[in-house]
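Residue strings, one per chain:
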Amino acid sequence: MALFSRRKPAPVDDVVVEEEVEAPSLPPAPEPDENGLRRVQDHVDYLLSLVEPLRPFGMSLLEAWDQVMCEDINSMINVPPNSTAKVEGYAVRVSDLMGDDGEFAVLELVDNPERLQMGQASRVGVAGVLPKGATAVLPETFAREDDGRLTVLETVADGEYVRAAGEHLAVGTRLLSEGEVLNDRAIGMLASAGIDKVLVRPRPRVVVVASGDHLVDPGDSLRHGQTTDANSFMVAAAARAAGATVFRVALHSNDSEALKLAITDQLIRADLLISTTGGSRDDYEAVANAMAELGLTDSVNVAMSPGRTQTFGLIGEERVPMVMLPGNPVSAYVSFHAFVWPLIRKLMGADPVRKPVRAMVMKGLRSVKGQMHLLRGEVIQDARVRTVERVTDPHAMAELSRSNALIVMDEDTEVVRAGESVMCWMLDDD
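What comes next concerns the included structure. (Residues numbered from 1 in each chain as written. Predicted model: local features only at pLDDT ≥ 70, side-chain atom pairs only at ≥ 80, totals over all residues. Heavy atoms only, no water.)

1. Structural notes on the pairing of strand E24 (residues 372–381)
Then, in step 1: When you tally the buried positions in E24, you get seven out of 10 residues, the bulk of the element.
Then, in step 2: Note: strand E19 (residues 304–305) against E24, two bridges, orientation parallel. When the bridges of E24 are listed, Met 304 appears paired with Met 372.
Then, in step 3: For E24 and strand E26 (residues 405–409), the ladder comprises five bridges, and the chain directions are antiparallel. The residue of E26 that forms the bridge with Leu 374 is Val 408.
Then, in step 4: Bridge count between E24 and strand E25 (residues 386–390): five bridges; the pairing is antiparallel. If you follow Val 379 over to E25, its bridge partner there is Val 388.
Then, in step 5: Here E24 folds back onto E25 in antiparallel fashion, the turn holding four residues. (Buried < 20%, exposed > 50% of the residue type's maximum accessible area, 1.4 Å probe, protein only. Helix = DSSP H or I, 4+ residues; strand = E, 2+ residues; numbered from the N terminus. Pairing = 2+ DSSP bridges.)

Below you can see the structure in the form of structure tokens.
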């Protein structure tokens, strides 16, 4: 008997093969143009493809104001709910007004019956509710009262002098359809139809994270080298105007760990994060690096002026979308309207495509072919024509404040001469 034996090889089925897990990444980005830049519309479409509308839930009417309907709504009641009198007179059954002999009838007057019986009439005032069974209102001049009896002097037809139940709105009538926005008039209509709750998408919760070690909040004293933070306030207000519920968080630092902590802390309450900085390259790079460590990012040069450099990310395990805006105030504001506004609209279930208006330019405009230029402008509408003039000012915030539109010079436009038309994004009518 052998004292030693060769060890049998392990069965192949027992060998554990570790599968290589592919690192998560964003979907393939659009191809750049011949200049190595991403076209604006390609970038918008790419960002929109990375977010989904928020899940709808039921809200009371006032809470749901200005939000997008996620269901068709039909009236649950008649408006008015009861048939009422248009004139002062008597609720009657038309079939009782004439006797079998062809003469006018004499009816029994009764007070406030729930249902009008054969041969009865009941006094009713203007807008008074008719008793059940009544088919018309006999004006008081068409009859004569005498000791609890009503002598008919002139007849009427069925439905005459009556505002019928459901005349304004009948049960089952379509009131609002999915995709419509619930405005103040619609709320009144729904309330009148007996509806107190609707299924809508909630307002996106947008958190604006302001960072920069040289920034201070308005009202704080400035030391040498410091600047008042205006971008985050401007962008937060713009996000609110777009329909979002907005929170602003200020971090007066560029420290990497502090930035990551500030961003991570906001993920629990954010449907969208927006980063604003003070304009220095260090500010921008610090946030971009923090985003890259926390999620999947896309940083690209877009064929747009201002706002060439754009950074987007899906942050954390829940992949919360985050947009980093340029530090220059004009670039930040223009970038918001070009890229963040459509994201907010998609999150809330609204149409993310802008509806520009056409205006005639008062002075000629020039652009660089191959880039979209978004110029600040003032649109004026008179009785005959809509005109626009470019707004320029050395102070960026004053320039933005005086503007009510962005003049869109697309990638294929180099010159727009005075008297020609151009498309504009209106800033105050969205």
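2. A look at the sheet that holds strand E17 (residues 272–276)
Then, in step 1: The sheet built from six strands is open, its strands ordered E16-E13-E17-E21-E20-E18 with mixed pairing. The open sheet terminates on both sides in strands that have one partner only, identified here as strand E16 (245–251) and strand E18 (295–301). Neighbour to neighbour, the strand axes of the sheet diverge by 20° on average, direction disregarded.
Then, in step 2: Relative to strand E20 (residues 309–315), E18 runs antiparallel, the two sharing seven bridges. If you follow Asp 298 over to E20, its bridge partner there is Phe 312. (Axes fitted to C-alpha atoms, helices over the stretch in contact; angles between N-to-C directions.)

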